[in-house]
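# Understanding the architecture of this molecule
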There are 2 protein chains.
Amino acid sequence: MTTTKWWIDGGIFLTMDDDRPLVEGHLVAEGNRIVYLDEAHPGALAEGAERIAGSGLLFMPGLVNTHGHAAMTLLRGYADDMALQAWLRDKIWPMEARFAAEDVRAGAQLAVVEMLKSGTTAFVDMYDHMDEVARVVEQAGLRAVLARGVIGLCSEAEQRAKFEDAVRFARDWHGKADGRIRVMMAPHAPYTCPPAFIGRFVQAAHDLDLPIHTHMSETAAEVEQNVREYGARPVEHLDRLGVFSRPALVAHAVHLTDDEIALLAERGVAVSHNPASNLKLASGVARVPEMLRAGVTVSLGTDGAASNNNLDIFDEIRLAALIHKGVSGDPTAVPAREALKLGTVYGARAIRQADEIGMLKPGMRADIIAIDIDQPQYFPRTDLVSHLVYAGSGRDVKHVWVDGVQVVRDRVCTRLDEERIRAEAAARFERLKAKT
Amino acid sequence: MTTTKWWIDGGIFLTMDDDRPLVEGHLVAEGNRIVYLDEAHPGALAEGAERIAGSGLLFMPGLVNTHGHAAMTLLRGYADDMALQAWLRDKIWPMEARFAAEDVRAGAQLAVVEMLKSGTTAFVDMYDHMDEVARVVEQAGLRAVLARGVIGLCSEAEQRAKFEDAVRFARDWHGKADGRIRVMMAPHAPYTCPPAFIGRFVQAAHDLDLPIHTHMSETAAEVEQNVREYGARPVEHLDRLGVFSRPALVAHAVHLTDDEIALLAERGVAVSHNPASNLKLASGVARVPEMLRAGVTVSLGTDGAASNNNLDIFDEIRLAALIHKGVSGDPTAVPAREALKLGTVYGARAIRQADEIGMLKPGMRADIIAIDIDQPQYFPRTDLVSHLVYAGSGRDVKHVWVDGVQVVRDRVCTRLDEERIRAEAAARFERLKAKT
């Protein structure tokens, strides 16, 4: 890749940097980094740069989706509005059992198109056949933290094979695609992985110097089961197993006590809050205001498209801003600016990349999205943060750059054939359904 | 208006008619009505008709927004994340007190652009300076049920002037704009209108044969106040005052007992559920599953843009499908198809126009929206109702027809100058702010 230079001429920049939240001016990027952001014209620095007209656009850091299963876009709308266990047992698991590598590729491609077009520039993914997902990420040009998710309710031989696959995947892909791909260790959940199995992943995470990602305390039933089987709630259980001795990201964290919240804060465990999925599956409402007050890093995830059913982080941002007010009775809970941080700065922090992404600032990576604000829902121009949070949508994203490269231009993915990807996903789904 | 004929050639029609929910075929409209909808080619009926290519589009009835204050788009983002009383007293009411007719016109225009482009073809509006709103509706081409909202906490002379204005507005506008405009009587709320004042509106509603629209039981505090002042909760209080002797539409209805729900069902009172506004203002979560079970007509409203902060009914549909699951713990609560009915069929029923709109069916008015489903979030093509509810957005609306006339073509309003309207709204807001 040749080093390119580009200059956004006259835009509004929502930096997510508290020291300088809004800049009306100019941005210059060189290679994969922002080198200039100021009210003043960049002068000589703009020479030889590709000029991008910023008028009518709002620029902000790309969004971070900290929990999902990209391939599950293939099951979008396949089964909804069912009780969780029946949904999994009768619908989702039988279909997933039939997933071949090609299905994961088709689903991941569809997911990446949807994420990029709605402004997500970095995502966390936990699934099987992860080489396929990694290859899609490499080609599509976005950033990802990938993990071979493993369920340990199987024979010792199968456990070993899954463990080895997870380690092999980490060795093959961590740091690849110009550093855009990183890897985590991911035992699926305390209720699907025996303690000894989790222990092996903790050890591997230490050996390979990788973070750990897992589902935790998504439903009340799973917390009760944990207490019955292991004599402790999931937070204490995972802590005893050493999971939190590594940088850790836990998805859901809906059912927490005050003590558990305090322990997550103390251990520096980051949370991926998945409001749409938690509501749709009737899991409950996570205690986000309390976690934020306690100093826990809370970020946002869509979860898989089978339980959401979309991958637009703007939707999660709005839900996070709305539901905690409605449920707590406190209209000041999770204000708009905080909600937007969940999807940007805190997302970057949750995946341990806050020094590189999540803010627009000279020295940071050029992961930038441009929002078309010449639309009725962005008027009057009272408060752009409020408009983005309460009235914005991923559909308003016009351009996307990741690592300095434009990957969406005028709402079209530059490195992917969207029409072919939609058709492939449709065909793979029909094939899976026919197998029943 | 000359009678025109047009033919949608080869589309998918989500009719919202339980007898025939999905038709892949053809629709012909003549004048303001649907005259044909079938799998088969319309043959001679298509002769001389304007042909609209339906490929890649999903057609459904236009959405109905059953509660709002259009002019309040002017205050979008002006004040958020505050406690309700401070928000009203310190921010909203002082600004509203400065509203001139021109402000209402500017705000209503902006609202109508946003609603039309996001697929709303009929809306309920309660505010002051309603002649301005009516003129905007007349020009824009959509359908509306308008009401001069009145607060009775004022002198007898002021009360009389407001009452006379409401009656005069009804006489001037009910049935106008080719019947697209209808009028209701609208005492603002039991806590802002003394009983005798409400009684006068009930009498006027009888005399003029009009329905009644009011806010009811939005907050717990307001219910308590009603009990203190009148010895009854709002439902019983309004019932005693005769409000439910008229066709009635109540907005919010968040805090209801089982008995109140039963009474609303018995009296045929329709409810406008406003999930985004109720969450944002921390009012609570309405008992929608219980109301639906009891046979109450529940529809959806955005409320004003100052407490939402958008007018996209797709957002309310998704919220209605998500929050009642999450809060009740029942993942089967408000399934996708029911949520979509809230925004279409039940909306039409709530404004007593179910014989004319809310369904695609020969004989019904041609109020139709076309959704661009060649987008990733509509793949695979498993269940289009699910995709619309859980992944759809008003931004996906490509064309809109109301009463047989195309009012949005390729995402642009055909009868309104969007750029001028955005600029006027911005200018009027700056002017209002400068007055402080």
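This write-up is about the structure you can find in this document. (Residues numbered from 1 in each chain as written. Chains lettered and ligands numbered in written order. Predicted model: local features only at pLDDT ≥ 70, side-chain atom pairs only at ≥ 80, totals over all residues.)

Let us look at the overall build of chain A. Summing up its helical and strand segments, chain A has 15 helices and 18 strands in all. Whereas a compact globule of 436 residues would reach a radius of gyration of roughly 22 Å, chain A reaches 21 Å, a difference of no more than 12%. For chain A, the C-alpha atoms occupy an extent of roughly 65 × 45 × 40 Å along the three principal directions. Counting contacts in chain A only where the partners sit at least 6 residues apart, residues at least 24 apart contribute 74% of the total. (Helix = DSSP H or I, 4+ residues; strand = E, 2+ residues; numbered from the N terminus. Rg over C-alpha atoms; globule rule 2.2 N^0.38 Å. Contact = placed C-beta atoms within 7 Å.)

The next point concerns the relation of the copies chain B and chain A. Note on the identical chains: chain B maps onto chain A by a rotation of 180° and an axial translation of 0.0 Å, with an RMSD of 0.0 Å. Taken together, the rotation and translation describe the operation of a two-fold axis. Among all residues of chain B, the minimum C-alpha distance to the rotation axis is found for Arg395(B), at 3.3 Å. When the interface residues of chain B are mapped onto chain A, 100% of them again fall at the interface, so both copies present the same face. (Least-squares fit on C-alpha atoms with pLDDT ≥ 70 in both.)

We now examine the sheet that holds strand β14 (residues 298-300) of chain A. Residue and element names in this part refer to chain A. Taken in spatial order, the four strands line up as β11-β12-β13-β14 in an open sheet, and their pairing is parallel. Of all the strands in the sheet, just β11 (212-216) and β14 have a single pairing partner and so form its edges. Ignoring which end each strand starts from, the neighbouring axes of this sheet average 30° apart. In the sheet, β11 pairs with strand β12 (residues 248-252) via five bridges, with the strands oriented parallel. Residue pairing for β12: Thr214 is matched across the bridge by Val250. (Pairing = 2+ DSSP bridges. Axes fitted to C-alpha atoms, helices over the stretch in contact; angles between N-to-C directions.)

Ranked by size, the top nonpolar core spans 303 residues in total, and within it Leu360(A) and Leu360(B) carry the most contacts. Contact partners of Leu360(A), with chain neighbours within four places excluded, come to Phe13(A), Thr15(A), Met16(A), Asp17(A), Leu27(A), Ile34(A), Leu37(A), Phe59(A), Met60(A), Pro61(A) and Ile368(A). (Core = buried A, V, L, I, M, F, W, Y, C linked by C-beta atoms within 7 Å. Buried ≥ 20, exposed ≤ 12 C-beta atoms within 10 Å, placed from the backbone.)

Residue and element names in this part refer to chain B. Taken together, the nine bridges between strand β1 (residues 5-14) and strand β2 (residues 22-30) define a ladder with antiparallel strand orientation. Within the sheet, the bridge partner assigned to Ile8 lies in β2 and is Leu27. Relative to strand β3 (residues 33-38), β2 is paired through five bridges, and the arrangement is antiparallel. Each residue of the ladder has a partner; that of Leu27, found in β3, is Leu37.

Attention now moves to helix α8 (residues 258-267) of chain B. Residues and elements named next belong to chain B. If you check which residues of α8 are buried, you get Glu260, Ile261 and Leu264. Within α8, the buried residues cover an arc of 100° as seen down the axis, which keeps them to one side. More than 90 degrees from the buried face of α8, the exposed residues found are Asp258 and Asp259. Where α8 is buried, its residues touch α7 (234-240), β13 (270-273) and α10 (288-294). Just past α8, the residue Gly268 takes up positive phi, approximately 70°. (Arc of directions from axis to C-beta.)

Residue and element names in this part refer to chain B. Taking strand neighbours across the sheet as the criterion, the four strands line up as β11-β12-β13-β14 in an open arrangement whose pairing is parallel. Only two strands of the sheet have a single partner each, and these edge strands are β11 (212-216) and β14 (298-300). Recorded for the sheet is a direction-independent mean angle of 30° between the axes of neighbouring strands. The pairing of β13 with β14 spans three bridges and is classified as parallel. Within β14, the residue paired with Ser272 across the bridge is Ser299.

Residue and element names in this part refer to chain B. As a packed pair, helix α2 (residues 101-117) and helix α15 (residues 418-434) sit with axes 9 Å apart at the nearest point and diverge in direction by 140°. With respect to their mutual orientation, α2 and α15 come out oblique. Considering how the two elements wind past one another, α2 and α15 form a crossing that is left-handed. Facing α2, whose interface residues are Glu102, Asp103, Ala106, Gly107, Gln109, Leu110 and Val113, α15 presents Glu418, Ile421, Arg422, Glu424, Ala425, Arg428 and Leu432. The class makeup of the residues in the contact of α2 with α15 is six nonpolar, two polar and six charged. (Parallel < 35°, antiparallel > 145°, perpendicular 65-115°, else oblique. Left-handed = near helix turned anticlockwise from the far one by under 90°. Nonpolar A, V, L, I, M, F, W, Y, C, P; charged D, E, K, R; others polar.)

Turning to the pairing of strand β7 (residues 120-127) of chain A, a few remarks are in order. Residue and element names in this part refer to chain A. By the criterion of burial, β7 is predominantly enclosed, with eight of the eight residues buried. Note: strand β6 (residues 63-65) against β7, three bridges, orientation parallel. Its bridge partner lying in β7, Asn65 is registered against Phe123. As defined by bridge partners, β7 adjoins strand β8 (residues 143-150) across six bridges and the pair is classed as parallel. Bridge assignment links Ala122 to a residue of β8, and that residue is Arg143. In this view, the connection linking β7 to its parallel neighbour β8 by way of helix α3 (residues 130-140) has right-handed handedness. (Right-handed = clockwise from strand over helix to strand, strands pointing away.)

A separate point is helix α6 (residues 220-230) of chain A. Residues and elements named next belong to chain A. Buried within α6 we find Glu222, Val223 and Asn226. End-on view of α6: buried residues confined to an arc of 105°, all on one side of the axis. Opposite the packed face of α6, turned more than 90 degrees from it, sit the exposed residues Glu224 and Arg228. Buried residues along α6 sit against α7 (234-240). Once α6 finishes, Gly231 follows within two positions and takes phi at roughly 70°, a positive value.

Opposite the 51 residues of chain B that make contact, chain A presents 51 residues. The set of elements that each furnish at least two residues to the side of chain B that touches chain A consists of α2, α9 (275-280), α11 (313-328), α14 (384-391) and α15 of chain B. When grouped by side-chain class, the residues that make up the side of chain B that touches chain A number 25 nonpolar, 14 polar and twelve charged.

Okay, the environment of Gly62(B) next. Examined against the element boundaries, Gly62(B) turns out to sit in the loop between β5 (57-61) and β6 (63-65). In this structure Gly62(B) touches Gly119(B), Thr120(B), Thr121(B), Ala122(B), Asp367(B), Ile368(B), Ile369(B), Val400(B) and Val402(B), once residues within four positions along its chain are discounted.

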